[in-house]
Amino acid sequence: MMKNKMLAVAASALLLGTMLSSFRAVAGNDKDKRPNIIIILADDMGYSDPGCFGGEIHTPNIDWLAQNGVRFTDFYNTSRCCPTRASLLTGLYNEQAGIGEMTTDQHQPGYRGYLTENTVTIAEVLKSAGYQTAMSGKWHVSNTNTQSTREQQLAWLNHQAFHPLFSPLAQYPIRRGFERFFGTIWGVVDHFDPFSLVHDSTAIKEVPKGYYHTDAINDTAAAFIRQMSQTGQPFFLYVAENAAHWPLMAKPEDIAKYKDTYKVGWDSIRNARYRRMVAMGIVDPKNTPLPTRWQDSLQWVNNADSSWDARAMAVHAAMIDCMDQGIGRIIRTLRQTGELDNTIIIFLSDNGASPEYCANMGPGFDRPSETRDGRKIIYAKNKQTLPGPETTYSSIGPHWANVANTPYQYWKAMSYEGGIRTPMVVYWPKGIKAKKGSFNHHLSHVMDFMATFVDIAKADYPRQFNGHAITPMEGESLLPVFKGQATDRQKPLFNEHFGNRYVRSENWKLVKKASEKQWHLYDMKNDETETKDLATLHPDMVERLRKMWDAWAHRAQVFPKP
């Protein structure tokens, strides 16, 4: 009943009845046989959160994609929301695409805060090649318009003032290759009443009663599929989820499924996940030992906030569970329209789970102070209110983030594996040659999607677009990997985010925290969880990799940032 209700809400109230006629029809039976392409991007979901990567969270639909596809175990993101989205969409390092940090324009080439004119998006390239294009969900790659005073900003965030543009219109998805868009322009949202909600370029002033954003994103995606499947042309659909990004907000019936799950504490959940990952074959305990838990001196039995913490992780799980339910509706729609067998579905997360204490931030910028109807929002800095409802802002914090990223260390924004390694599933019945349900250990990166889709769609990546010179692709096509060809990555990988950085060349990884002066060196073939620093044993390798990072940073527009 709830599913049908939300489907009706998304289709009628939010799609506004205008989308069916917008997609281009093909005369006769001249159907283009190139595959449809769907990317589903989770937000702040940990490496081991989904069931198919060892988690206890109920994700039968993501698991089904994995059982009938391939799991990539060594897939990298860029460690944070908007930089990953920039890299994914453009096939470039995020600084080359203009988003070195967040969405504020710092007036330096790598830090403009929007997808700059030297880029093309996957949607622009595939649209030029005859694909239909649509997006549902979180954009977060354009400059964020704000109001002049804090009071004016909060009135806007609280839905008590209306301003029609959330960023410059030229930076909206429909100006970057997407023929249809439903979702949010900004990053952080109230999941029951999101700020910056847009249909194409029109701001949506209010949502229906009973609205939940994850349901709307996925049901709108399903509606797009039904419409695009009627035209005879292949389509590219980008489903950018907001789950499980804070604030922790979920439907009561989903939270109830996990009300007792996390009462056993951090160590029990983390150890159980690790055992399942070993049993599945995701990790080899010989080269991927489970490191000491973050701040393991605090034992669960001595945790004065254990009831609150168990509830927080239960809400995190509920948000992912709800997302999985929506992915199930997407899969069912593909099956009903006859498109499932000729569709590539890629599921991944934009970064590792987040350690942030969002309650410490308080209202302002993208965080409201009260609901639309005037109820005060409590920022639960002292864990005084349980997470879940619309009236409280909270997050899982570093202890649970460390668990969510099992077996890797650290989390979102860091260049250690817990920040940059994402669970990635590829489903493509007609294109994947590997055994169903198998694992692939090819070192890959979100910027590889552009080159991959150019190959699959037989598209042209332009040198010039809309009068601008376009930066050549940095990513490498995964199509040979999909076809079962054994291949190694040809070029090293790099990253920088707020001073955190790494370079990965073959099995060597040099990594540094922003808070430290020294670099750390790891042999990733024998130490995937980065427990044995070899920097003092191999100073020549440290220097060689550091010079490689410096050269890349100059080339990729990281400098003049420190």
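A.B. asks: Is there a simple way to think about unusual backbone geometry in this case?
C.D. replies: Residues other than glycine predominantly adopt negative phi, and peptide bonds predominantly adopt the trans conformation. Residue Pro407 is reached from Thr406 by a cis peptide bond, and omega for that bond is 5 degrees. A cis amide bond links Phe559 with the next residue in sequence, Pro560, at an omega value of 15 degrees. With respect to the helices, strands and loops of the structure, Pro560 is situated in the segment after α14 (539-555). In this model, Glu506 sits at a positive phi of 55 degrees, which is unusual for a non-glycine residue. On the secondary structure map, Glu506 appears in the loop between β17 (500-505) and β18 (508-512).

A.B. asks: Whenever I open this one, helix α3 (residues 81-90) confuses me. Can you help?
C.D. replies: Structurally, the α-helix is built with 3.6 residues per turn, so residues lying three or four positions apart point the same way. The buried fraction of α3 amounts to ten of the ten residues, a majority that puts the element mostly inside the structure. When we look at burial in α3, the residues that qualify are Cys81, Cys82, Pro83, Thr84, Arg85, Ala86, Ser87, Leu88, Leu89 and Thr90. One or two residues past the end of α3 sits Gly91, with phi positive at roughly 75 degrees.

A.B. asks: Would you explain the side chain of Thr144 in this entry?
C.D. replies: Relative to the helices and strands, Thr144 is located in the loop between β3 (132-138) and α5 (150-157). Separated by 3.4 Å, the side chains of Thr144 and Thr103 make a polar contact. The contact partners of Thr144, leaving out residues within four places of it in the chain, are Thr103, Phe166, Trp186 and Phe365.

A.B. asks: Just to check I follow, could you spell out the nonpolar core for this structure?
C.D. replies: Considering soluble globular proteins, one finds that nonpolar side chains tend to be buried as a cluster. With 102 residues, the main nonpolar core has Leu237, Tyr262, Phe347 and Trp400 as its most contacted residues. Not counting residues within four places of it along the chain, the set of residues in contact with Tyr262 comprises Glu56, Ile57, Ile269, Arg273, Trp300, Ala310, Met313, Ala314, Ala317 and Trp400. Membership of the second largest hydrophobic core comes to 59 residues, among which are Phe72, Ala240, Phe453 and Phe482.

A.B. asks: Quick question: what am I supposed to make of empty space enclosed by the protein here?
C.D. replies: A probe matching the size of a water molecule, rolled over the atoms, marks out where space remains unfilled. Following the criterion strictly, the structure yields four cavities of 30 Å³ or more and no others. Looking at the largest cavity, its volume works out to about 80 Å³. Taken together, 16 residues form the lining of the largest cavity, with Leu157, His159, Asp190, Asp193 and Pro368 sitting closest to its centre. Tallied by class, the residues present in the lining of the largest cavity amount to seven nonpolar, three polar and six charged. Considering only enclosed or pocket space, the second largest cavity measures out at about 70 Å³ in volume. Forming the walls of the second largest cavity are Asp44, Ala244, His245, Trp246, Leu248, His316, Ser354, Ser395 and Ile396. Across the lining of the second largest cavity, the residue classes break down as four nonpolar, four polar and one charged.

A.B. asks: For this particular structure, what's the right way to read the sheet that holds β18?
C.D. replies: Sheets are built from strands paired through backbone hydrogen bonds, the pairs being either parallel or antiparallel. Here we have four strands laid out as an open sheet, ordered β16-β17-β18-β19, and antiparallel in their pairing. Strands with a single pairing partner mark the edges of an open sheet, and in this sheet they are β16 (493-497) and β19 (520-523). With strand direction ignored, the average angle separating the axes of adjacent strands in the sheet is 10 degrees. Pairing between β18 and β19: four bridges, direction antiparallel. Counted as the bridge partner of Lys509 is Tyr522 from β19.

Parameters at a glance
For every chain, the first residue of the written sequence is number 1, and numbering continues from 1 along that sequence. It should be noted that, the model being predicted, local features are given only for residues of pLDDT at least 70 and side-chain atom pairs only at 80 or more, the latter also being counted only at that level, while totals for whole chains, interfaces and linings use all residues. Side-chain numbers come from the whole structure's heavy atoms, not from hydrogens or water. Think of it this way: any DSSP run of H or I at least four residues long counts as a helix, any run of E at least two long counts as a strand, and we number them from the N terminus. Only protein chains enter the accessibility calculation, which uses a 1.4 Å probe; a residue whose area is less than 20% of its type maximum is buried, one above 50% is exposed, and one in between is partly exposed. Distance and chemistry together define a polar contact, namely a pair of N or O atoms within 3.5 Å, with one atom able to donate a hydrogen and the other to accept it when in protein, and with adjacent residues in sequence counting only for side-chain atoms on both sides. Residue contacts follow a heavy-atom distance rule, with two residues in contact if any of their heavy atoms lie within 4.5 Å. Among buried residues, those of type Ala, Val, Leu, Ile, Met, Phe, Trp, Tyr and Cys that are joined through side-chain atoms within 4.5 Å constitute a nonpolar core. A pocket here means an open set of points on a 1 Å grid, computed over the protein atoms alone, that has protein on both sides within 12 Å along at least five of seven lines. A cavity is instead a set of points where a 1.4 Å probe fits but cannot get out; residues with an atom within 4 Å of a point line either one. Grid points are joined across faces, edges and corners, and a volume is the space filled by probe spheres set on the points. Any residue that is not Ala, Val, Leu, Ile, Met, Phe, Trp, Tyr, Cys, Pro, Asp, Glu, Lys or Arg is counted as polar, Gly included; the first ten are nonpolar and the last four charged. The criterion for strand pairing is that DSSP finds at least two bridges linking the strands in question. Here an angle of 0 to 180 degrees is reported between the N-to-C directions of two axes, which are lines fitted to C-alpha atoms, with helices fitted over the stretch in contact.

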